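Breakdown of the fold
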Amino acid sequence: MPQFKEKLTGFFSPLKQKQTPSPEEKKSPTKGEPWEAGCVLQDKANVSESCSQAFAATCQLLLECTTFPVYLSEDETEALYTTVFQEFGNGEGSLPLWLKSLMTLCCFVKDCHVQNVAISTLLELVNHSQSLALVIEDKNRRYKISDNNPFCGRLQMVTVPPINPGVLRIIAEKTDFYPRVAQVLWNQLNMRNREHHITSVELFYKLHCLAPSASICEDIICLALLHRDKVSVCGAGQSKQPGRLHQRCGSELAGNLKVLCNRDRALSRDSVCSSELAESCLSEDSLLSRVTTVDREALWAEVERVPETVGLRQEEEEGRRSNSDEASAHLEQERNRPYVAEEENEDSEHTESADTSGGQVSTENTSSASAPYLQRPDYNSSVEEDNGSQQEGGGNPREVFRPNGPVPSMYRTDSERTQVSESLSSDEEDMELQAIARSRLLKHQREKREMIDSLFKHVLLYLQPYDSTRVLYAFSVLETVLKTNSRDFVEAVSTTSMDTSSTAHLNLIYNLLARHQEALVGHSFYGRLQAQSPISCPHSLLIELLTYLCLNFLRSYYPCYLSIGHRDLLGNREVQVKSVEVLIRLMSQLVMVAKAQDGRRLDFIKKLLSSCRVQQYVLLSLSASMYVNQKSALVDKGEDSMEYGLSEESLINFGQDQIWSEHPLQIELLKLLQVLIVLESHLQGNAAEEQEASSPLAKEWQTAVHFQQSIKAMQYVQTQPITLQGMFVSAVVQALQPQYGYGMHPPWVGLLTSSLPYLGRSLGMTVAPFIAQICKNLDELVKQYEHEAVKTALNLSSKRENIAPDYPLTLLEGLTAITHFCLLENSSAQRKSSVITDPADFRNARNAIVEELPRIMSTMALLWGVIRKEELQKMTSNLGPGVCKNTSTSVYFKSTKILKQKMLDFLNPVTAQYGVQVMASVAAVWNSRKSRKSHSKTKILPVASESRLTIVELVKELSTLKTDTILQLVKEVVKKPHQIKGDQKSTLVDIPMLQFSFAFVQGVSAQTLQNTVIPLISLLKESVQLNLAPPGYFLLLGILNDVVNRLPNLDNKKDQRDLQEVTQKILEAVGNVAGSSLEQTSWLSRNLEVKAQPQVSLEEEDPDMDLYDCAAQASAMVSSSVPSVYSVQALTLLAEVLAPLLDMVYRSDEKEKAVPLISRLMYYVFPYLKNHSAYNVPSFRASAQLLSSLSGYAYTKRAWKKEASELFMDPLFFQMDTTCVSHWKSIVDHLLTHEKTMFKDLMSMQSSSLKLFPNYEQKAMLLKRQAFAIFSGELDQYHLYLPLIQERLTENLRLGQTPSVAAQMFLTFRVLLLRISPQHLTSLWPIMVTELIQAFDQLEECLIEEEMTNKSSGTQAVEVNGCTLTFPQTELDFFLSACKFLDTALSFPPDRMPLFQMYRWAFVPEVDADGYSGPGNSLVEVDQECKPRIVRIMERLHKRYGDLNGVSEGSHVKHLEFPLLTLPTISNIMQLVSFFKILSCNFKGPGTRSMSVPTVEYPAPNSEAVMRKLEHNIECEFLENMDS
């Protein structure tokens, strides 16, 4: 127990686990030394119950403690990685005492329960350690190769492996622990320990998965199979080998194994020439070891043989037999050698199975490169491979365990054959995968060929051409008789028998019929008739003969080998069509007979249909004709399938006509099918009455079984009606596909709509795909309409086949009839039908069509869009010729009124009863349409595209859906969103439904909104309480904002209160989304801070990503530890709508009610404004915009005034993006405006009262904020406070100033130039000019001091490009700020800055004194004090550094504009040389400018542009660099 206690303590101090190993742990076991040395058990057998329970509890505690994590720093994590991997990476280390103890308990305790607990615990520790080691190693590798480590400088949670990988390697390589445990578990599978068998097998399987080699457990089973004791062999054969559940008889396995051993001996003797090696191979020990190391794979292949796959494998063997005859002969020769005769005689009954296993090739093949012990044995060893491997491994037998002997302390060594079998080559895998794929392809092609051949097995072939005109004449006579007097004729032929003794004419007919029957079975037509003619169908009555002849003519074709003309083919087709027409007349009269429900006549009709196989031949003929159509279409497209030898199809001559050549026959066959379906319904009614005696449950069960068998069968099932035949359902499902011809679509639609009452159980599975195909065809027509120039598949087929102009109307009528019959309880089709359909069948069909509603609504939306375009074209064409351009030439959508009415007739009844399902389908269609890309990236609410607006228009046109009804249905859908099954996965429709609602409300008039206030508020109130995705709350806020902006004031106070309540709930929901990127600063603290991870910016979003797309919402749902992708969007949306929305919802006397709500929302906003990091820029920008919009309303100041003032005084206040400056200008302006004394208090504030900044920065920071306050106002807004401003500036000058304060002083001067009119600045100009002169004088003095310092030290002037002056950064910023003030003053137009013109000469030269050559030139002497400051500075720089012509950075620019200085900061004074040089040359006059200096036009031609640039430059001047 102290050892376990030490281990448990070590889990929580992982770095101390290996620092002080005990002396006995320091020595690792070496090869040949037992690892269990020093671990002695006091009593191996007697363990008390309490001790056993305590041990189990301790092991459970140990396992639970291994899952406890520890928190480590970055250095500690690196030390842990070194401890875990690098210390024991070479496999040298020690086994801890607790681990040795646990291993000893696993192997040497006699108590099975304690032993199993120890084994289970240790295996769990091994598994857990391997997994954790992989995780730690992978994480360390990824963070080392990556530049961004998210845990840098942070604590990270780590779960330490309980056993280090080095220790696991020692156990696997230097101990025999795994084989010992395997033997222990195998020995437990005896008759005495049956209660432990299940546990032992489970542990044995777990050991097999975790052992370093798969052969460890397999060796145990192989040795048991080779045991001389048959009981042991049976036990091994019936045991479950890990991962394999196949069982074989024990004695057969033993016999097969011995034959394999004999083969091993024979091959070894044949390949090894040494006599000593041959003798060793004959010994029993060598035999056992060789079987273990070499033939383990063959043994498992024999054990795993599945009876179901034996036949398949034998077929594969037969396919390979031609390539392996030589190997089989060699194997047979080896088997018949004399020295193995006694073994063969002993187990002769197993020779054949052994031979099969020896030559058999299995297709199972898996490998694992990372974990060899998880690989399965290699079963893909042929005879040649086994031979070679035995030659290599024969002289190196491997020591194995004996089941009955002592277990030695040994170390595992794998043979080369075992190592090779554990790492299969990828080439073999690829070859096997290709073989499997090829086999599947051949099987699929064979099944397809058999199915096609089955369509033509009913076909009869003419041996020679016949006169089709005579047959047509005969059929015409019969048809005429049936037309004129069908009842009497059918009655006559039904009662007249084929009595050959009555008339010679009937005898002649019988003789001809017999000869035809002889020809059908392959005999000669003109030969001698047999005594008993093999007439398959007895024709005792004339009606049977007539039916039989019509069916024979229907299924008769000319063969391909017969030379006939095209006229003969056409004649045969006419005969086929006419035979079907006669059958239609005949069967129609039988329907009239069956309606009488005469039992005797019904039996007669059943017998007639059954004996002549009417339904079977009709369905086969229809299916074959459809296949011919499909094949013709494929041949025209060049996609004809391959022919596999001689087939039934290849014998028939179908002709080379167009696709519609089969249509006349198909049309008549469909009419005949319709009659037969009605006839069967009358016959089935009688059959149902006969079966009433059976029990209802048994009857239902039998009916369901027969239906499943029939619907899945591709052949005709005799006992089932046509509507339940798989052939019929398959034909209906495929009937409307384009390859079968558009001309057949109206007859198919007519057949299905008329057969709806008779479909029964197949109603749902028939109508759903049929409706889907109708929608698909209509969609293709719409695509053809929209893209008439595109050559689509529909266009290609329609070019060859004329489609009727009323084709869309036909499909719409069929869609209406089918849908109304299945969905509406009292539809017209149901009222007309006399057949009672089972309610369960109706329910199944209803569910199937409801699932197709999204597809239907999508098609309706497309059609509605086409109708709108056509109506618009008609309106524009009526305005005059030439007005309408790009008109469509399609003839399918010209009758817009009829199409529109048909669509409304279809949708209105459905929406009346299935409004919720229809609206859910509308939402699904909405989701499938793309939204319009907004021009502004900051717009959060979606803008509906034209395709989506078409959906809105369609819903508005439905008379059964009023506005309040639509809102009620939307609420129901959002509350219980349906999962619409799409092409890939099911998606919820709550968000698309709200999108539709948003667009719908936007299109509703204000008067309608006034009348539907209550439903609107109810929709918003109940929707906001749901657990919606964040875009759902955005849409609710958008709907609310649109309604409030367009709705006049509500007179009803209750409605007003409800509106305020729902507004509060929606805003709070959006506020929660806005705060989803925040986290608590500490536990139980209400203070929030921003999650320190990158956020999603609106500008950085994927332009193709839709915020409201369901897939985007699913991918955006991430853990709570990272910022939400919707928080920025929520803040931006609140910034857009919050302030005006609250102003409209709360009346003037209720404004104070909104302040608590604003305070709760700002609770989520201020943490973003306090964080000035770069990753928080998107949220900071949106939050600043939100606060800016709120600050414009005075009643809101209580919610943000205090926090905004603190943010303004924050040292990091100016660390923001350029886009945020305008927002903060508005915030500061409103902050100072709402309180009259706020600006005065700010200007009167003493820097000593600020504790937020260091002492040396307090004045500068306060001055900068005062300047920003002035900059936030309008022109002359603070001119009344100019004396106070001047007093504060004078006070700063009087008390002395640092360079940083002086820099902010000049920034304040620039702000005053922009915000105070020139007439009010008169008193300030002397101060500003004086300060500017002193700044330039100070710069000149600095240059002089540096020059004197260099002279005294004797240093030479450095090069200009490499000069480094000793100016501190604060002084550089000061000089740059002074130059920018001069640049700003020069940029102003002279008329807006008149006073400065009086002082301009003191800074820039206005005349060229050096170049003056007029009279009295020698008397001109310019005083140093009268020289402009720029000239004096340039002279000092020239004197210090020589010629400065190459210094000007802008010398390559020929023309510049004011303002000139845009640098945010400088690092060297030489960066101002270009500015000085331009000013020293551009004010002397046009004739004195140097060609090397860029010119600046003064005054600027566009003064407004200059003022905008100055405004932007000062905005940027306030900003500071943000923290990363």
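Residues numbered from 1 in each chain as written. Predicted model: local features only at pLDDT ≥ 70, side-chain atom pairs only at ≥ 80, totals over all residues. Heavy atoms only, no water.

Considerations on the nonpolar core
Cut-off, in case you're wondering: Residues enter a nonpolar core if they are buried and are Ala, Val, Leu, Ile, Met, Phe, Trp, Tyr or Cys, with the set joined through side-chain atoms within 4.5 Å. The classification of residues rests on relative accessible area computed with a 1.4 Å probe and restricted to protein chains. Under 20% of the type maximum is buried, over 50% is exposed, and intermediate values are partly exposed. Put simply, DSSP H or I for four residues or longer makes a helix, DSSP E for two residues or longer makes a strand, and each gets a number counted from the N terminus. A contact between two residues is defined here by any heavy atoms of the two lying within 4.5 Å.
Counting residues in hydrophobic clusters, the biggest one holds 318 residues, and the most contacted among them are Met-587, Trp-748, Phe-996, Trp-1224 and Phe-1476. With 13 residues, helix α25 (residues 566-595) is the largest single contributor of residues to this core. Dropping the residues within four chain positions of it, Phe-1476 is found in contact with Phe-1336, Leu-1339, Cys-1379, Ile-1430, Ile-1433, Met-1434 and Leu-1437. The next biggest cluster of nonpolar side chains, apart from the first, holds 44 residues, and it includes Leu-122, Ile-170, Ala-182 and Leu-203.

Thoughts on a nonpolar patch on the surface
Keep this limit in mind: Exposure above 30% relative accessible area and the lack of any salt bridge qualify a residue for a patch; like charges then connect within 9 Å, and the nonpolar side chains Val, Leu, Ile, Met, Phe, Trp and Tyr within 5 Å. Exposure was quantified through the Shrake-Rupley algorithm and a 1.4 Å probe, taking into account, for residues, occlusion by the shown protein chains and nothing else. Definition used for salt bridges: Asp or Glu carboxyl oxygen within 4 Å of a side-chain nitrogen of Lys or Arg.
Among the surface-exposed residues, Leu-461, Leu-463, Tyr-561 and Leu-651 lie close enough to one another that they form a single nonpolar patch of about 410 Å² accessible area. Mapped onto the fold, Tyr-561 is located in the loop between β4 (556-557) and α25.

Considering the side chain of Ser-556
With respect to the secondary-structure elements, Ser-556 resides in strand β4. Filtering out sequence-adjacent residues up to four positions away, Ser-556 remains in contact with Leu-460, Tyr-462, Asn-572 and Gln-576.

What about the side chain of Ser-494?
We apply this condition: A 3.5 Å cut-off defines polar contacts: any pair of N or O atoms within that distance qualifies, except that in protein one atom must be a possible hydrogen donor and the other a possible acceptor, and neighbouring residues in sequence count only when both atoms are side-chain atoms.
By the element assignment, Ser-494 lies in helix α22 (residues 468-495). In this structure Ser-494 comes out as buried when scored by relative accessible area, which is 16%. In this structure the side chain of Ser-494 is engaged in a polar contact, spanning 2.5 Å, whose partner is the backbone oxygen of Val-490. Excluding residues that lie within four positions of it along the chain, Ser-494 makes contacts with Leu-541, Ile-543 and Phe-604.

Observations regarding helix α32 (residues 763-786)
We count it as follows: Take the residue count of a helix, subtract one, and multiply by 1.5 Å to get its expected span.
Between its first and last C-alpha atoms α32 spans 35 Å; for 24 residues at 1.5 Å apiece the expected length is 34 Å, and the two agree. Counting buried positions over the 24 residues of α32 gives 18, a clear majority of the element.

Topic: the packing of helix α31 (residues 745-755) against α32
Our working rule: Angular values range over 0 to 180 degrees, each being the angle between N-to-C directions of two axes fitted as lines to C-alpha atoms, with helices fitted over their stretch in contact. Small angles under 35 degrees read as roughly parallel and large ones over 145 as roughly antiparallel, with 65 to 115 read as roughly perpendicular and the rest as oblique. For any pair of crossing helices, the crossing counts as left-handed if the nearer helix is rotated counterclockwise from the farther one by less than a right angle, and right-handed if it is rotated clockwise. Put simply, Ala, Val, Leu, Ile, Met, Phe, Trp, Tyr, Cys and Pro go in the nonpolar bin, Asp, Glu, Lys and Arg in the charged bin, and everything else, Gly too, in the polar bin.
Orientation of α31 relative to α32, taken along the N-to-C sense of each, is 150°, at an axis distance of 12 Å. In terms of orientation, α31 and α32 fall into the roughly antiparallel class. As for how α31 packs across α32, the hand of that crossing is left-handed. Facing α31, whose interface residues are His-745, Trp-748, Val-749 and Leu-752, α32 presents Thr-766, Phe-770 and Asn-777. Taken together, the residues of the contact of α31 with α32 break down into four nonpolar, three polar and no charged.

Regarding the confidence of the model for the protein
We apply this condition: How sure the predictor is of each residue is captured by pLDDT, a score from 0 to 100.
Within the protein, residue pLDDT values average 77, and 70% of them lie at 70 or more. This stretch, residues 533-537, has a pLDDT under 50; its non-local contacts, to residues over four places away or in other chains, come to 12 contacts. Considering only residues more than four positions removed or in separate chains, one finds that residues 1114-1122, a stretch of pLDDT under 50, has 10 contacts.

A look at unusual backbone geometry
Phi is mostly negative for residues that are not glycine, and the peptide bonds are mostly trans. Going from Phe-1458 to Pro-1459, the amide bond is cis rather than trans, its omega being -5°. Position of Pro-1459 relative to the elements: it lies in the loop between β9 (1455-1456) and α61 (1473-1481). In this chain, Tyr-1498 is followed by Pro-1499 through a cis amide linkage whose omega measures -5°. For Pro-1499, the location among the structural elements is in the loop between β10 (1495-1496) and α62 (1503-1518). Phi is positive for Arg-613, close to 55°, though the residue is something other than glycine. Within the element layout of this structure, Arg-613 appears in the loop between α26 (599-612) and α27 (614-636). Despite not being glycine, Asp-1276 has its phi angle at roughly 60°, a positive value. Summarising the element assignment, Asp-1276 is placed in the loop between α54 (1255-1272) and α55 (1282-1294).

Describing the packing of aromatic side chains
Applied cut-off: Geometry of aromatic contacts follows a simple scheme: Phe, Tyr and Trp rings, the Trp one being its six-membered ring, pair when their centres are within 6.5 Å, and the pair is stacked under 30 degrees between planes, edge-to-face over 60, tilted otherwise. Placement of a positive charge over a ring is assigned whenever Lys NZ or Arg CZ falls within 6 Å of the ring centre and within 35 degrees of the normal to the ring plane.
Evaluation of the coordinates by the stated rule reveals 39 aromatic pairs. Ring geometry for Phe-1034 and Tyr-1126: centres 6.4 Å apart, planes at 65°, overall edge-to-face. Note that Phe-1034 is positioned in helix α44 (residues 1030-1046) and Tyr-1126 in the loop between α46 (1110-1116) and α47 (1127-1145), a separation of 92 residues in sequence. You can call Phe-1034 buried: its relative accessible area is 0%. Residues Phe-1475 and Phe-1476 carry aromatic rings whose centres are separated by 5.9 Å and whose planes lie at 50° to one another, so their mutual orientation is tilted. Exposure class is identical for Phe-1475 and Phe-1476. Each is buried. Each residue in the set Phe-1208, Phe-1213, Phe-1214, Trp-1224, Phe-1268, Phe-1271 and Phe-1518 is aromatic and connected to the rest through ring pairs, giving one cluster. Positioned above the aromatic ring of Tyr-1163, the side-chain terminus of Arg-1086 is 4.9 Å from the ring centre. Across the ring face of Phe-1214, the terminal group of Lys-1264 is positioned such that the distance to the ring centre comes to 4.5 Å.

Focus: the pattern of salt bridges
Where charged atoms from two side chains of opposite charge approach closely, those side chains can pair. Tallied over the entire structure, the rule returns 39 salt bridges. Asp-453 serves as the salt-bridge partner of Arg-449, at 3.4 Å between the closest nitrogen and oxygen. Remark: Asp-453 and Arg-449 occur in helix α21 (residues 426-454); sequence separation between them is four residues, near one turn of the helix. Residues Glu-813 and Lys-902 are paired through a salt bridge, measuring 3.2 Å at the closest nitrogen-oxygen approach. Of this pair, Glu-813 sits in helix α34 (residues 807-823) while Lys-902 is found in helix α37 (residues 896-913), placing the two residues 89 residues apart along the sequence. Judged by its relative accessible area of 40%, Glu-813 falls in the partly exposed class. Accessibility expressed as a relative area gives 29% for Lys-902, which makes it partly exposed. Residues participating in the shared-partner salt-bridge network are Lys-1225, Arg-1315, Glu-1511 and Glu-1515.

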